[in-house]
Amino acid sequence: MSDANISPLPHFRLQNLNPDESLVYNVIHSTGRSGIWVRAIQNRTNLHKSILDRCLKSLEGKNYIKSVHNVKFPSRKMYMLAGLAPSEDVTGGAWFTDGVLDEDFITTMAGYIEYTVSRKSWFETTPADGRGKRIKTADGSASLKQEPPQKEYIPFPAGYQGYPTVATITAAVNESALTPVRLGEESVLQLLEMLCFDNKLVALNNGEVYRSVKNPEAVKLSQARKPAGDDDASDRLVQNGMTEAPCGHCPVFKLCAPGGAVSPESCEYFDPWLEKALGF
């Protein structure tokens, strides 16, 4: 429904207003969902400030109008009809909560969108040959430790038609249960443009479809890492190798030697620690 089609209060309700209140109400009504600044109301009605303040207080008390917070002009007091929802120009859209940019919500939704697009941008394949790692056994002989096949991803060929559109991405977002409000394509498009600017997504066909730069596993890995400064003491990079590495407090450290029953090659604690400590 357009602002021009907004119906005023029934005539019998307007009869309860005095001429000044009726004048103020009609000015506010004419602005629809955009609302109007108090100073603009005063300029259009030519009412003295004390009279205008009294009219606004009376209309608000009768629930005819309401004050709204405009994210573009946070210091201005603005009013609109009580029965209308503010436009996105006033509230800032889905990315603002009570007039404040919701950075956590933006980060969550952007991460979900990147992963969703990534799953539609890469073809998953599993190597036919199993992988293994040679380790030393207790008797000194060599053994091959089988590891589960690792997922591999390859990009789709040129001309691939299955990349997601803004509409399909928006539908996936609204079905994810991650957002308390239903997002429109315009709001999702803002995040897509942000992700393209950050070199995480690439817009194709003049923005008709999108593909991701990273494959799904790489996206999950990058999102799992904590931002710098937010990590716990246990997640910091190595400060002292001998005290923090497993070797520094290993009870059989003196027996450890290359090719021996206890050796660096067969240590089951060293690789996980190294991956965690250095962020590999």
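Keep in mind the model is a prediction, meaning the values are calculated, not measured.

Brief notes about the packing of aromatic side chains
Working step 1: Applying the stated criterion to the full structure yields five aromatic pairs.
Working step 2: Ring plane angle 70 degrees and centroid distance 6.4 Å describe the contact between Tyr25 and Tyr64, whose orientation is recorded as edge-to-face. Residue Tyr25 is found in helix α2 (residues 19–30), and its partner Tyr64 is found in the loop between α4 (49–61) and β2 (65–68); the two are separated by 39 residues along the sequence. With respect to burial, Tyr25 and Tyr64 carry one shared label: buried.
Working step 3: With a centroid separation of 6.3 Å and an interplanar angle of 70 degrees, the aromatic rings of Phe123 and Phe156 are classed as edge-to-face. Remark: Phe156 occurs in the loop between β9 (152–155) and α7 (166–174) and Phe123 occurs in strand β6 (residues 122–125); sequence separation between them is 33 residues.
Working step 4: These aromatic residues form a ring-pair network of at least three members: Phe123, Phe156, Tyr160 and Tyr163.

What about the pairing of strand β3 (residues 78–81)?
Walk down a regular strand and you will see the side chains alternate between the two sheet faces.
Working step 1: Where strand β1 (residues 36–37) meets β3, two bridges bridge the pair, whose relative direction is antiparallel. Its bridge partner being in β3, Trp37 is matched across the sheet by Met78.
Working step 2: Both β2 and β3 contribute to a ladder of four bridges, which runs antiparallel. Residue pairing in the sheet places Lys66 in a bridge with Met80 of β3.

Parameters and conventions
All residue numbers refer to position in the chain's written sequence, counted from 1. Where totals are concerned, whole chains, interfaces and linings use all residues; where local detail is concerned, this predicted model gives features only for residues with pLDDT of at least 70, and gives and counts side-chain atom pairs only at 80 or more. Note: side-chain values were computed over all heavy atoms of the structure, leaving out hydrogens and water. Centre distance within 6.5 Å is the pairing criterion for rings of Phe, Tyr and Trp, where only the six-membered ring of Trp is used; planes under 30 degrees apart are then read as stacked, over 60 as edge-to-face, and the remainder as tilted. Per the convention used, a helix needs a DSSP run of H or I reaching at least four residues, while a strand needs a run of E reaching at least two, with both numbered from the N terminus. Burial classes: relative accessible area under 20% of the type maximum marks a residue as buried, over 50% as exposed, and values in between as partly exposed (1.4 Å probe, protein chains only). In this description, strands pair whenever DSSP reports at least two bridges between them.

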